[in-house]
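# Observations on chain architecture
Read off the chains here:
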Amino acid sequence: MASEAPSWADQWGAGGIGAIGEADNNSNTKKDGNSNKKSDKVKASASAGFTKAKAAAMVGAQKLKTGTSTGIKWVKNKCQKSN
């Protein structure tokens, strides 16, 4: 069963899943103009999705930072009042 699934290094290595196969596919799509147009559309939509995900992650990180800061200040104030 372990031989059927890609290993951790294959999935998360330099190229990700199918990195070697993707290099072969890219050379074939450059020869065919129609496939290249299709891949450009896919790349554009993936880029838009990445931009949205990045923006959502930044908002989430800012909320986390603000909430953590507020919580630490609250604990600090409680400790100082009791002393």
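Residues numbered from 1 in each chain as written. Predicted model: local features only at pLDDT ≥ 70, side-chain atom pairs only at ≥ 80, totals over all residues. Heavy atoms only, no water.

### With respect to the overall build of the protein chain
- Scanning the protein chain for helices and strands turns up 3 helices and 0 strands.
- Reading the protein chain from its N end, one meets helices and strands in the order α-α-α.
- Within the protein chain, the proportion of its 83 residues that are buried is 1%.
- A total of about 7,500 Å² of accessible surface is found on the protein chain, and carbon and sulfur atoms cover 61% of it. (Helix = DSSP H or I, 4+ residues; strand = E, 2+ residues; numbered from the N terminus. Buried < 20%, exposed > 50% of the residue type's maximum accessible area, 1.4 Å probe, protein only. Areas by Shrake-Rupley, 256 points an atom, 1.4 Å probe, with all protein chains shown as cover.)

### Thoughts on the confidence of the model for the protein chain
- Taken over all residues, the pLDDT of the protein chain has a mean of 75, while the share at 70 or more is 59%.
- When pLDDT is averaged over each helix and strand of the protein chain, the minimum, 52, is found for helix 2 (residues 19–31) and the maximum, 87, for helix 3 (residues 33–82). (pLDDT = per-residue confidence, 0-100.)

### Structural notes on the environment of Thr68
- Take Thr68: it is sitting in helix 3.
- Of note is the side chain of Thr68, whose polar atom sits 2.8 Å from the backbone oxygen of Leu64. (Polar contact = N/O pair within 3.5 Å; in protein donor to acceptor, adjacent residues only side chain to side chain.)

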